[in-house]
Amino acid sequence: MTSLPAIARRVEDVTATASIAARTLLSLDTNPVPGDWTHITKIDPEDEKQLPLLYPLYLQHTSAVEVGGSRDVTDQNTEETLDLVADRPVPAFQEPSGPTQVTDETRSKAEFLAIPEVLNGDVDALIGQLGAGIEHIQDDLAPEMIAEKLPISPGGAIEDRLSQFASAWMLREAVFEAYIIMNLDSAAARESNVTEDDLLDPGTAKQRALAAEQHLESELVYLEYSGTFGGEEAEDILEAVSDGLTWSRLWYGGGLDNRENAQRVLDAGADAVVVGNVFHEIADEEVDVCEQAVADLDPDASRDDVDAWIDSNVDLDAASATKYLSTIVDVSNPEGRAREYLETTILTWLAVQSVLEELDTDEPSSATEIRTAFREADLSGTTAVDAVLDAEGYLLDVLVDLAGPRYDVETDGLPVKHVSLEL
């Protein structure tokens, strides 16, 4: 009689063989990371890294949003950031830099969990954080999930086995992101203890990527230059790695702020580019632009008035909005789009000032009164954002939550501290 362990081994063998055959013999794309993602916007939850007021307008052009960072990232600000950007209007996934940043709340909002592993760092960068993460899932997240799903705790060995099963299932659902870090002057290199001796030539990078794909089963291989464009060196590595990979996605990140460099790395073999800092810089710039526009323009200024003001006061070619949109090669006129979104932001912010004057006089006592005042105003951004999200009222929610503290009114509590403009 065949034993249960033997049956289990046979099932595992069949499953593994089917998976290998699907990827190789049948050339089926079983990678859970969509192959049509070509542009990823990386959003840092750190409180100082903020979002443009009308951020859905910009994010409609990217393929997906990656939420994660390496400094001052917590479970709370990760949850808050996902609350703002997940499916507004594209999917968002989480890349934690520490195990406790993964919570039941982040798991529910993120498309998937991307677990980083560094192919050219020290042992801790490859498996140390992973071990800590597994422990966190097994000891904290899995028991919480079991307690939520089961009305009565099974206790003892049964609960331990359920926790082990749940943690294994969560890890199976996760995506593994194998990094090759090539900029020594970066937080990623310092945290992973990548030294000059660890920098890889194209041939060695290809070998590490093959190990990641075929042994570690990493869904992503990520060539990371962290804020610096890798140039010809990166192109050579991408060409070599791309030539070896058959199933894993190949992403490039680092120093991208123009169309030419984004196209170069895509042509070299990257499946997608990852762009981060320049998106947050849009938010930084719009604070100064909107402040100056409010000082210079009448609250009822027309779009033509705003357009003329932009011509006199904003260098659109050098603006972060143009730079960000230019890294999305499908956007045919990035400067024109940047102008359109900046005009809409300024028009919206001018109209908001008129609403505030009215509210300051009437002294609203409820969120409903604030919402009514904003709803009755002519806010260009409301129509634009509603069209992108295919839903009504999201920008109104943001504005109400921005205005609530001004009038000591309790609101729904969107984490609008991550939005650049303040009321």
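Heads up: the structure comes first, above all this text.
Residues numbered from 1 in each chain as written. Predicted model: local features only at pLDDT ≥ 70, side-chain atom pairs only at ≥ 80, totals over all residues. Heavy atoms only, no water.

Examining the layout of surface pockets
Considering only enclosed or pocket space, the largest pocket measures out at about 1,200 Å³ in volume. Lining of the largest pocket is provided by 50 residues; of these, Lys42, Gly69, Ser70, Glu95 and Ala188 occupy positions nearest its centre. Listed by contribution, the elements that provide at least two residues to the lining of the largest pocket are strand E4 (114-118), helix H5 (123-149), strand E5 (175-181), helix H7 (187-192), strand E6 (220-224), strand E8 (272-275) and helix H11 (277-296). At seven residues, H5 tops the list of elements feeding residues into the lining of the largest pocket. Across the lining of the largest pocket, the residue classes break down as 19 nonpolar, 18 polar and 13 charged. (1 Å grid on protein atoms, 1.4 Å probe; cavity = no way out; pocket = protein on both sides within 12 Å on 5 of 7 lines; lining within 4 Å. Points joined across faces, edges and corners; volume = space filled by probe spheres on them. Helix = DSSP H or I, 4+ residues; strand = E, 2+ residues; numbered from the N terminus. Nonpolar A, V, L, I, M, F, W, Y, C, P; charged D, E, K, R; others polar.)

Digging into the pairing of E5
In terms of burial, E5 is largely enclosed, as seven of its seven residues are buried. Neither face of E5 is exposed, since Val175, Glu177, Tyr179 and Ile181 on one face and Phe176, Ala178 and Ile180 on the opposite face are all buried. Pairing analysis gives five bridges linking E4 to E5, with the strands arranged parallel. Across the sheet, residue Val118 finds its bridge partner in E5, namely Tyr179. (Buried < 20%, exposed > 50% of the residue type's maximum accessible area, 1.4 Å probe, protein only. Pairing = 2+ DSSP bridges.)

Some details on the environment of Ile181
Counting through the fold element by element, Ile181 comes out in strand E5. Ile181 gets classed as buried once you look at its relative accessible area, which sits at 2%. Considering only alpha carbons, one finds Ile181 and Asn120, 61 residues apart in sequence, at a separation of 6.9 Å. Contact partners of Ile181, with chain neighbours within four places excluded, come to Val118, Asn120, Ser186, Ala188, Ala189, Ser192, Val194, Leu199 and Glu224. (Contact = heavy atoms within 4.5 Å.)

Section: the sheet that holds strand E7 (residues 249-253)
With respect to topology, eight strands assemble into an open sheet ordered E3-E2-E1-E8-E7-E6-E5-E4, the strand pairing being parallel. The sheet is open, and its two edges are formed by strand E3 (92-94) and E4, each paired on a single side. Averaged over all pairs of adjacent strands, the angle between their axes in this sheet comes to 30°, without regard to strand direction. The sheet strands contacting H11 are strand E1 (39-43) and E8, and the helix crosses E1 at an angle near 60°. (Axes fitted to C-alpha atoms, helices over the stretch in contact; angles between N-to-C directions.)

Comments concerning the side chain of Asp44
Among the structural elements, Asp44 can be located in the loop between E1 and helix H2 (55-59). For Asp44, the side chain forms a polar contact with the main-chain nitrogen of Glu46, separated by 2.9 Å. (Polar contact = N/O pair within 3.5 Å; in protein donor to acceptor, adjacent residues only side chain to side chain.)

A word on the nonpolar core
Counting residues in hydrophobic clusters, the biggest one holds 93 residues, and the most contacted among them are Tyr324, Ile346 and Phe374. Of the residues forming this core, the biggest block, 12 residues, is contributed by helix H14 (residues 334-362). Not counting the four nearest positions on each side in its chain, Ile346 is found in contact with Val289, Cys290, Ala293, Leu297, Val306, Trp309 and Ile310. (Core = buried A, V, L, I, M, F, W, Y, C linked by side-chain atoms within 4.5 Å.)

What to know about helix H16 (residues 380-389)
By the burial criterion, the buried members of H16 are Gly381, Thr382, Val385, Asp386, Val388 and Leu389. One side of H16 holds all its buried residues, which, seen down the axis, span an arc of 160°. Opposite the packed face of H16, turned more than 90 degrees from it, sit the exposed residues Thr383 and Ala387. Where H16 is buried, its residues contact H2, H14 and helix H17 (394-403). Downstream of H16 by a residue or two, Asp390 has a phi angle that is positive, lying close to 55°. (Arc of directions from axis to C-beta.)

Thoughts on the packing of H14 against H16
Two numbers describe how H14 lies on H16: the axes approach to 7 Å, and their chain directions differ by 130°. Comparing the axis directions of H14 and H16 gives the class oblique. Residue-level contacts link Thr344, Leu347 and Thr348 of H14 to Ser380, Gly381 and Ala384 of H16. (Parallel < 35°, antiparallel > 145°, perpendicular 65-115°, else oblique.)

Some thoughts on the pattern of salt bridges
If the charged atoms of two oppositely charged side chains come close together, the side chains can form a pair. Under the counting rule described, the total for this entry stands at 17 salt bridges. Members of the salt-bridge network, linked through shared partners, are Lys42, Glu66 and Glu95. (Salt bridge = Lys/Arg side-chain N within 4 Å of Asp/Glu carboxyl O.)

Remarks on the packing of helix H12 (residues 303-313) against H14
It is the contact of H12 with H14, at a shortest axis distance of 10 Å, that shows an interaxial angle of 120°. Between H12 and H14 lies a crossing whose hand is right-handed. Across from Arg303, Val306, Asp307, Trp309, Ile310 and Asp311 in H12, the residues of H14 making contact are Arg339, Glu340, Leu342, Glu343, Thr344, Ile346, Leu347 and Leu350. For the contact of H12 with H14, the class distribution of residues is seven nonpolar, one polar and six charged. (Left-handed = near helix turned anticlockwise from the far one by under 90°.)

Overview of empty space enclosed by the protein
Inspection of every chain in the model, using the stated rule, returns one cavity of 30 Å³ or more. Empty space within the largest cavity amounts to approximately 40 Å³. In terms of lining residues, the largest cavity is bounded by Thr38, His39, Leu266, Val273, Thr327, Ile328, Val329 and Asp330. Residues that form the lining of the largest cavity fall into these classes: four nonpolar, three polar and one charged.

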